Amino acid sequence: MSIPEQILALEKLAQIDAQLKELVEQLTQERSTLDGLNSGIAKLDEKLVADRGALAVMDKTRSELVQDVRNMNQQLDHSRDKLGRSRTEREANAAQRELEELRKLVRDREDEIGKLTADADAARQQIDATEIEHAKIAAELAARQGEISTRLKEVEGSAQHKRAERDAAVKALPPQLYRRYDMIRLKRGTAIAQTSDGTCKACHMALPPQLFHRLRREPILEQCPSCHRLIYFSPPEVAAGAAATERG
Ligand SMILES: [Zn+2]
């Protein structure tokens with residue numbers, strides 16, 4: 001395999017790798033949109049379970065307190081009867097004290113009931129708001145899920161196709177050259193660089209003049225001393241054409 005053929009094969013592989021990278025980024029983006037919506041719903045589900053649990057506890061405590069007040073009101077009636085029936089001042093005083101204590105207990109319970117009622121109302125409002133938000137995200141998920149999973153399948157299909165293309169492009173290269181290419185690609189993102197004017201087009205550093213002269217004299221593949229990418233000479237007009245192809 002001649003050097004120009006190697007360069008062509010490497011450029012082809014680099015192009016495939018750039019397309020694969022883009023496909024993988026698209027996949028990641030589509031998946032993260034889906035994951036974001038799903039985890040948003042999961043979080044709201046958790047919140048609803050916790051808030052509904054807390055509300056149930058408040059409602060239960062409240063109804064126990066209401067029952068307490070009912071019992072105490074019966075005791076109050078009983079104490080009032082006692083007061084009415086008391087024969088001595090001592091009996092009357094005792095009944096009076098009992099009445100006052102009971103009234104204070106009832107007031108305390110009623111205060112607690114009032115507080116619990118306000119807290120429970122606030123909790124209900126919060127739950128309503130969470131349910132609205134939940135419904136909104138669920139609707140968005142329902143609307144977008146089909147579109148996203150279709151898109152995911154498409155992109156996955158393209159990526160699989162690209163990988164097969166890549167395998168073929170790799171087989172066309174001398175194994176040692178491919179290993180060098182891939183080692184640099186994994187480290188740098190891209191592995192190939194050109195030079196037309198003595199600077200590396202990938203890292204924009206000036207090449208040692210001797211290296212540039214050698215690159216220009218005959219078709220060879222070298223490594224850029226700054227970024228270690230595989231570098232070759234590309235005449236300016238051809239480079240312009242290649243850049244346009246890359247952009248397209
Ligand atoms: Zn470089």
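Residues numbered from 1 in each chain as written. Predicted model: local features only at pLDDT ≥ 70, side-chain atom pairs only at ≥ 80, totals over all residues. Heavy atoms only, no water.

### A closer look at the side chain of T195
Line of reasoning, step 1. When you line up the elements, T195 lands in strand β1 (residues 192–195).
Line of reasoning, step 2. Judged by relative accessible area, T195 falls into the buried class, the value being 0%.
Line of reasoning, step 3. Within polar-contact distance, the side chain of T195 engages the backbone nitrogen of G198 at 3.1 Å.
Line of reasoning, step 4. A polar side-chain atom of T195 sits 2.9 Å from the main-chain carbonyl oxygen of T199.
Line of reasoning, step 5. Once residues lying within four places of it in the same chain are set aside, the contact partners of T195 are L207, F212, L215, I231, Y232, F233 and S234. (Helix = DSSP H or I, 4+ residues; strand = E, 2+ residues; numbered from the N terminus. Buried < 20%, exposed > 50% of the residue type's maximum accessible area, 1.4 Å probe, protein only. Polar contact = N/O pair within 3.5 Å; in protein donor to acceptor, adjacent residues only side chain to side chain. Contact = heavy atoms within 4.5 Å.)

### Focus: the pairing of strand β3 (residues 230–233)
Line of reasoning, step 1. The pairing of β1 with β3 spans four bridges and is parallel. Bridge assignment links T195 to a residue of β3, and that residue is F233.
Line of reasoning, step 2. Inspection of the sheet shows strand β2 (residues 222–223) paired to β3 by two bridges, in the antiparallel sense. Across the sheet, the residue bridging to E222 is I231, located in β3. (Pairing = 2+ DSSP bridges.)

### A word on the nonpolar core
Line of reasoning, step 1. If you look at the biggest cluster of nonpolar residues, it comprises 18 residues, and the most contacted ones within it are L10, L13, L173, Y181, I192, L221 and L230.
Line of reasoning, step 2. Contributing elements (two or more residues each) for this core: α1 (3–85), α2 (89–171), α3 (175–188) and β3.
Line of reasoning, step 3. For this core, the element with the highest residue contribution is α1, accounting for six residues.
Line of reasoning, step 4. Non-local contacts of Y181, meaning those with residues more than four positions away in its chain, are made with L10, L13, A14, D17, R166, A191, I192 and L230.
Line of reasoning, step 5. Grouped together as the second largest cluster of nonpolar side chains are 15 residues, V69, L99, V106 and A120 included. (Core = buried A, V, L, I, M, F, W, Y, C linked by side-chain atoms within 4.5 Å.)

### Considering the confidence of the model for the protein chain
Line of reasoning, step 1. In this model, the protein chain carries an average pLDDT of 93, and 96% of its residues clear a pLDDT of 70 or more.
Line of reasoning, step 2. Highest mean pLDDT in the protein chain belongs to β3 (97); lowest belongs to helix α5 (residues 236–247) (55). (pLDDT = per-residue confidence, 0-100.)

### Points about the pattern of salt bridges
Line of reasoning, step 1. This model, assessed by the stated rule, comprises 19 salt bridges.
Line of reasoning, step 2. Here E140 ties to R144 by a salt bridge, and the two come within 3.9 Å at their closest N and O atoms. With E140 and R144 both in helix α2 and four residues apart, the pair spans about one turn of that helix.
Line of reasoning, step 3. Overall, the relative accessible area of 37% leaves E140 in the partly exposed class.
Line of reasoning, step 4. With a relative accessible area of 28%, R144 lands in the partly exposed category.
Line of reasoning, step 5. Salt bridges sharing partners connect three or more residues here, namely D17, R166, D182 and R185. (Salt bridge = Lys/Arg side-chain N within 4 Å of Asp/Glu carboxyl O.)

### Focus: the sheet that holds β2
Line of reasoning, step 1. Taken together, the three strands give an open sheet; going across it, the order is β1-β3-β2, and neighbouring strands pair in mixed fashion. Unpaired on one side and paired on the other, β1 and β2 mark the two borders of the sheet.
Line of reasoning, step 2. Each of β1, β2 and β3 touches α3; the most contacted strand, β3, lies at about 110° to it.
Line of reasoning, step 3. The strands touched by helix α4 (residues 209–217) are β1, β2 and β3; relative to β3, the strand with the most contacts, the crossing angle is about 60°. (Axes fitted to C-alpha atoms, helices over the stretch in contact; angles between N-to-C directions.)

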